[in-house]
Amino acid sequence: MSTATGHVDLQIGGMTCSSCATRIERKLNKLDGVTATVNYATEKASVDVAGEVSPDQLIQVIESVGYTAHVPVTEPAETGVEDDPTAALRTRLIVSAVLTLPVVAMAMVPALQFTNWQWLSLTLAAPVVVWGALPFHRAAWTNLRHGAATMDTLISMGTIAAFGWSLYALFLGTAGVPGMTHPFSLAVSHSDGTGNIYLEVAAGVTTFILAGRYFEARSKRRAGAALRALLELGAKDVAVIKDGVEQRIPIESLAVGDEFVVRPGEKIATDGEVVDGSSAVDASMLTGESVPVEVAAGDQVVGATVNVGGRIVVRAKRIGSDTQLAQMARLVEDAQSGKAQAQRLADRVSAVFVPIVIALAVATLGFWIGTGGSVAAAFTAAVAVLIIACPCALGLATPTALLVGTGRGAQLGILIKGPEVLESTRNVDTIVLDKTGTVTTGTMTLLDVITAPAEDPVEVLRLAGAVEDGSEHPIARAIVKGAKDKVGELPAVADFANVAGLGVQGVVDGHAVVVGRSRLLADWARRRADHQPEHLPPELDAAMRDAQEQGRTAIAVGWDGQARAVLVVADAVKPTSAEAIGQLRHLGLKPIMLTGDNEPAARAIAKEVGIEDVYAEVLPQDKVDVIKRLQGEGRVVAMVGDGVNDAAALAQADLGLAMGTGTDVAIEASDLTLVRGDLRAAPDAIRLSRRTLATIKGNLFWAFAYNVAALPLAAAGLLNPMLAGAAMAFSSVFVVSNSLRLRRFR
């Protein structure tokens, strides 16, 4: 039995729709010992190989089905200007639109049909059909060689049929004579078709579908932005100590074993160990825990976390691709690559519709010739079948609904990234919520002041706030803000001192005040000659224990040798979170909390907002595992998060929703962004996405229904150009007006 010999990532070129990705995936998986997933959005194949299959063999298999492939370069050279892969498509769309507009106008408005107008139409339409539709013709040819039919086949076939027949009518029929017009008649009548041209159909369909492809390509381009944003988080330079002297060097020049200085407010350059000094480090981007972690000599620190306390010296232990940040970038990429995008509805229907239309066109031709009809009339009927099947409204069905739906979403503070996102919302049955910054505010807040008997809470806040005002610690900031909100201006502090890892002390209005852990109060009382060691009285001790059991941070306050109060500080729940959870349940979703914070804190918050299932103390890579485990149980999972630590899980989930108040990395890795930072936007986003998807499906149904209803008329030779044009126009108008109803979404 062969053993796994490795993993290969391949960059794939030439895919035009998700059915292309499916075809490559199927072909690769036929090889012995190969397990492959192909992602249309990122244009990558992720291949696990067991046995003797080389990357060159994998590339040959992909090329044999008409696509290009290569092993991506791991570290691309930095260029000053980033190539925009959508630029060429944008140019093709703009040129095609400018040329198509007069062609459609002349065909639809008899008043514009001057003498020889048809030749101007031909001049303008030819570049659109030949050059503008070239990507569709290429893709159709690739599909044809491998016995497959997609939307591209239908577009290519319809536009070539319409353009080819127009050429025949102009050069060999009667359509080219001076003074020819398309009269405005909706009557059904027999005709040999040699006086009819369909240039507006050929050019119009090409332009509509190019517009849809351009919007899709623009959203696809963002797939790699999450990784770029993640790697941007790291420090750009670092203050290294060489021969006892500090010198700033670029981060790339840092080596394992180098010692570097991190001052308050600076990012830690890379993973390492503290060798001197003590501080508090904000690691919320990695752990999700809102309380900063106290570090001293011997403690490990992680690159890209922020030093919020004192000056520390760190020895580098891991650099470059070995750091935790780089591992998180790999997690995000793996999650994006493994995410099977929903196959496009139009492609799925096209696979069945195209062969039926071709068979019907051939049958029509055979029937007319077999029953003694003229060859011209037989060809007219057969080509009419191909033309009426050409998906004009079909090309509008997805882009218009998406345009209106995403526009309405933007007004409501919901940004939807692309059409494949909508398919994900349909079946979501489980929603996983990060705690910090999603359900809670993400910042420390003073929640309670518990005083000893006969103590005044306002006086406690006034003295504690004054001493903490000298500290930059996030807990201190929360106490100061709470004190200022209640008391107003705080008095000045003298002899201020910061006791590393324990708290602060100083003199305020003649009182020697201590604020910090209960141990600091005991040590301070012991050092005073006129006092016995003072522990917290029973009522304050109980309050402190209660707060800690709920995962909150409890701070003792004392002055003049006595413990006076306990201040309770924690990450506060957003006022709208409980309501949002209720709305998510109403949509049929099961809420689950997933956080890096400690178990008691997570349970307390979950109980407050009405969530029963909690996964606490979970690292970023474990978050991905939890999502995978839920998916393995057959659940379709949405994830709401805001931090870097959520990015990989957001990418792994079937539907990722990022809070707009969160980090760029989370926003880039998600499918939907909730701009307001209000959790109530999550149920709104899911409802809007489901409504938009329903509109797209309705559009596709009616677009096909019009085509199918007109096919018998075309096959019977009863379809004049005006009727065909009117049917096309009416189906397009219907699709657009149906999409515009999304503007009324509340």
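Just so we're clear, the structure is a prediction, and the values are computed from it rather than from any experiment.

Thresholds, definitions, all that
- Residues numbered from 1 in each chain as written.
- Predicted model: local features only at pLDDT ≥ 70, side-chain atom pairs only at ≥ 80, totals over all residues.
- Heavy atoms only, no water.
- UniProt positions renumbered as here; feature names shortened; annotations may be inferred.
- Helix = DSSP H or I, 4+ residues; strand = E, 2+ residues; numbered from the N terminus.
- Salt bridge = Lys/Arg side-chain N within 4 Å of Asp/Glu carboxyl O.
- Buried < 20%, exposed > 50% of the residue type's maximum accessible area, 1.4 Å probe, protein only.
- Lys, Arg positive; Asp, Glu negative; His and termini not counted.
- Polar contact = N/O pair within 3.5 Å; in protein donor to acceptor, adjacent residues only side chain to side chain.
- Contact = heavy atoms within 4.5 Å.
- Arc of directions from axis to C-beta.

We now examine the UniProt feature "transmembrane region" (unreviewed entry) in the protein chain. In the numbering used here, UniProt assigns the "transmembrane region" (unreviewed entry) feature to residues 93–111, 117–134, 154–177, 197–215, 349–369, 375–398, 699–716 and 722–740. Regarding residues 154–177, the helix share stands at 75% and the strand share at 0%, and the terminal C-alpha atoms are separated by 31 Å. Spanning residues 699–716, this segment combines 94% helix with 0% strand, and its end C-alpha atoms are found 27 Å apart.

Before going further, it helps to examine the pattern of salt bridges. Considering all chains together, one arrives at 22 salt bridges under this definition. We note a salt bridge from glutamate 273 to lysine 317, for which the minimum N-O separation is 3.8 Å. Here glutamate 273, found in strand β8 (residues 271–276), pairs with lysine 317, found in strand β13 (residues 312–318); they are 44 residues apart in sequence, far enough to count as distant. On the basis of relative accessible area, lysine 317 is assigned to the partly exposed category, the value being 43%. We note a salt bridge from lysine 590 to aspartate 613, for which the minimum N-O separation is 3.3 Å. With lysine 590 in strand β22 (residues 590–594) and aspartate 613 in strand β23 (residues 613–615), the pair connects residues that are 23 residues apart, well separated along the chain.

Along the polypeptide, arginine 23 turns up in helix α1 (residues 18–29). Although arginine 23 lies buried, it forms no salt bridge, and the closest oppositely charged side chain, aspartate 152, sits 7.9 Å away as judged by the N-O distance. A polar atom in the side chain of arginine 23 sits 2.8 Å from the side chain of tyrosine 67. If sequence neighbours within four positions are ignored, arginine 23 has contacts with Tyr67, Asn143, Ala148 and Thr150.

A separate point is helix α20 (residues 577–586). Those residues of α20 that sit buried are Ser577, Ala580, Ile581 and Leu584. What you see down the axis of α20 is that its buried residues fit within an arc of 100°, all on one side. Among the structural elements, β15 (430–434), α15 (435–439), β21 (562–573), β22, α21 (599–609) and α25 (681–715) are those in contact with the buried residues of α20. Looking one or two places after α20, you find glycine 588, whose phi comes out positive at around 90°.

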